[in-house]
Amino acid sequence: MPPARPSGGHRSRAEAARQARDAAAARKAAGAGLPGPRGGTAASRTPATARAAGSAAGSATGPELPVGPSPAAPETTEPATLTAAAAGGTGSGAGGAVPAGADATAARREGDRLRFVGAATRRIARGIDLDEIVLGLCRATVPTFSDAILVYLRDPLPVGDERPVGPVVLRLRRTDRLRPIDELGTGLEPTGSAAATGAAGELDFSQLPLLGPQGDLPAAELCEIRPGGALAEVLRGVRPVFGSSAAARAALPELLGADHPLPRGQRAVLAPLRGRRRVIGAAVFLRSPERPAFEPNDLLVAAQLATHTALGIDKAVLYGREAYIADELQRTMLPDSLPQPTGVRLASRYLPAAETARVGGDWYDAIPLPGSRVALVVGDVMGHSMTSAAIMGQLRTTAQTLAQLDLPPGEVLHHLDEQAQRLGSDRMATCLYAVYDPVAHRITIANAGHPPPVLLHLGGRAEVLRVPPGAPIGVGGVDFEAVELDAPAGATLLLYTDGLVESRLRDVWTGIEQLRERLAATAQLTGLDHPPPLEALCDDVLDMLGPGDRDDDIALLAARFDGIAPSDVAYWFLDPEETAPGRARRFARRALSRWGLEELTDSLELLVSEVVTNAVRYAERPVTLRLLRTDVLRCEVGDDSPQLPRQRRARDTDEGGRGLFLVNRVARRWGATRLSSGKVVWFELALPGGRDRH
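The model shown is predicted, which means the values in this text are computed figures rather than measured ones.

> Can you break down the packing of aromatic side chains residue by residue, with the values?
One pass over the full model with this rule turns up six aromatic pairs. Their ring planes at 85° and their centres at 5.5 Å tell us that Phe145 and Phe285 sit as a pair that is edge-to-face. Placement of Phe145 in the loop between helix H5 (130-141) and strand S1 (148-154) and of Phe285 in strand S6 (residues 279-286) is noted, with a sequence separation of 140 residues between them. You can call Phe145 buried: its relative accessible area is 0%. Arranged with centres 4.2 Å apart and planes meeting at 20°, the rings of Tyr436 and Phe561 form a pair that is stacked. Note that Tyr436 is positioned in strand S10 (residues 429-437) and Phe561 in strand S16 (residues 554-561), a separation of 125 residues in sequence. Of the two residues, Tyr436 and Phe561, both sit in the buried class.

> I'd like a rundown of the sheet that holds strand S13 (residues 462-464), residues and numbers included.
The strand order across the open sheet formed by five strands is S7-S16-S15-S12-S13, and the pairing between neighbours is antiparallel. Looking at which strands have only one partner, the edges of the open sheet turn out to be strand S7 (344-351) and S13. Between one strand and the next, the sheet's axes are offset by a mean angle of 20°, whatever the strand orientation. In the sheet, strand S12 (residues 454-456) pairs with S13 via three bridges, with the strands oriented antiparallel. When the sheet's bridge partners are listed, Leu456 is paired in S13 with Ala462.

> Report on unusual backbone geometry, specifying residues and quantitative values.
Glycine aside, residues mostly have negative phi, and peptide bonds are mostly found in the trans state. Pro143 follows Val142 through a cis peptide bond whose omega is 5°. Note the cis peptide between Asp155 and Pro156, where omega equals 0°. Along the chain, Pro156 falls in the loop between S1 and strand S2 (169-177). With phi around 70°, Val238 is a residue other than glycine that occupies positive phi space. Note on placement: Val238 falls in the loop between helix H7 (230-237) and strand S4 (241-242).

> Give a detailed account of the pattern of salt bridges, specifying residues and quantitative values.
The final tally for this structure, using the stated rule, is 31 salt bridges. Note that Arg173 and Asp131 form a salt bridge whose closest N and O atoms lie 2.9 Å from each other. Note that Arg173 is positioned in strand S2 and Asp131 in helix H5, a separation of 42 residues in sequence. Note that Glu233 and Arg236 form a salt bridge whose closest N and O atoms lie 2.7 Å from each other. Placement of both Glu233 and Arg236 in helix H7 is noted, with a separation of three residues, approximately one turn of the helix. Of the residues examined, Glu233 reaches a relative accessible area of 43% and is grouped as partly exposed. With a relative accessible area of 53%, Arg236 lands in the exposed category. In the salt-bridge network here, residues are joined through shared partners; they are Arg109, Glu110, Arg113, Arg287, Glu295 and Asp298.

Rules behind the numbers
- Residues numbered from 1 in each chain as written.
- Predicted model: local features only at pLDDT ≥ 70, side-chain atom pairs only at ≥ 80, totals over all residues.
- Heavy atoms only, no water.
- Phe/Tyr/Trp six-rings, centres within 6.5 Å; stacked < 30°, edge-to-face > 60°.
- Helix = DSSP H or I, 4+ residues; strand = E, 2+ residues; numbered from the N terminus.
- Buried < 20%, exposed > 50% of the residue type's maximum accessible area, 1.4 Å probe, protein only.
- Pairing = 2+ DSSP bridges.
- Axes fitted to C-alpha atoms, helices over the stretch in contact; angles between N-to-C directions.
- Salt bridge = Lys/Arg side-chain N within 4 Å of Asp/Glu carboxyl O.

See the structure below:
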């Protein structure tokens, strides 16, 4: 409904032109967040002009502030600002007389104020983290509600039921303000409390001291709240207060700094920020002299803004703590670094689905096994939550324990399936478990509902390995079939989770084919006579992801098969009899002579004799002896006794118990691993002079 004409008959053409110019000036001022034309605010002109200015300001777009639905029109996404009248000031004319239609103007101002509160709170609630919420408060209030704002928050912010153990400290988190001098291009700068006044277009900031000479807000960075002080009393009262009140005039110097000048009149509002259980900060709203002062109703607006901001900050802090715990939980359950076993090189990548869902159930692992073998594992627990991460951690620990028992891949998946069922009826996961033997150049793979691996050959050909898919872990009552495949030297095996190949834009098999093509193209670029660098290959694989392809976590494990040449391996069987240690020494001496490592003869014969003697003492079946020449000289002695040897300190009167002490002193590294058929004791000796096997 169009606004009613003011009393006094028909307007003259000159008066109509003057009012049109005033309305245009008010429209421009509302769009820029500045006061109206010199001579008064939009609310201090004639009623018709005020209504025209209010209509113009209501249609202007504020800084990223959403519009609430009007009673007569459907909801739109156009930003909304307070009208010049609703932003502050009285509804009386310049001379103080009550104009005609004052009740309608007041009702419209109250409606504008309510729409502003609704739009501002929606803007604040839009944030999900601390900085977004504080930014939402600043952008929602400047310039619509105030010309400047300072937001102080407790440092550190309390989380949940935590109680502060030290003094309560407020830190200036963010400031925001108008920049009218820069926008007008007058070249004037406010300096301290000096006024920038004069010709038309210049503004007076003498009563807005927070605008410093460099355009900043030089308020105190930190403020320690004194128990029983004026600031503590205002914050304890929770309700916003005018800066001109006695309580605020005593509290603001404590917050902003003792030497900081205070604005005169009702041009400052101090609003405590109270969360669910305690006050977590304060906000200071300021207005310049060219703008009407705050009204009592503006305290209600400030209270609403402060309440929504404080509750949003409370939720953001709780969410941040949960996200941090979940992120740390998953980081601790993923390997910090990969081992570098003999005959294989490894590289890995892990990418969460998004910053808002960082925790998931994807994992990868590489586990050294006896005989220079290595187990390669990749899995995916269904879901994105701390529960998924916890289940992933339990399954990964179970897989590591089973791998140390040297169980076949199919048996490992069978026990993982049983463990998942013990964790709960709805605990589902996919997993692929592979064991690579660098001596035999073979790999054994078992699959539990996981995407198949891709093998990139040295010549540039990439193929998807045909592995029985199997059922996911947690289904129960199913067998997991294992297949043994060739693993030629120079080939690269890529294990991954479905987040790499499946998204809303493509199905899993389309993604697998794209992955295969990407690997082949990368190999063509690097040359067919040598494989691509492993780390660069992982990065190139991840580059295939498009903007809409990050729907799930991604775990990636790449293994480059170098293998161990047959000429670098020596293997013997020894009957468990008294002559076995002597035969072992002779075999070892011959192998060292063939490899040109005679310098290690004394050390190797001593350690081999001790380890073989201990194995023969408890073995009932033939003992195995194997020497491997890689970047180190590795010796492995296996027997059928499951009891692992333990180093102990022998007494002076003991005849035995010094064998492992010698091994520990002479060898570079040593260890013992239990197998399904017994155990393996191994040790390593460094090659003389940094010599390698070539």
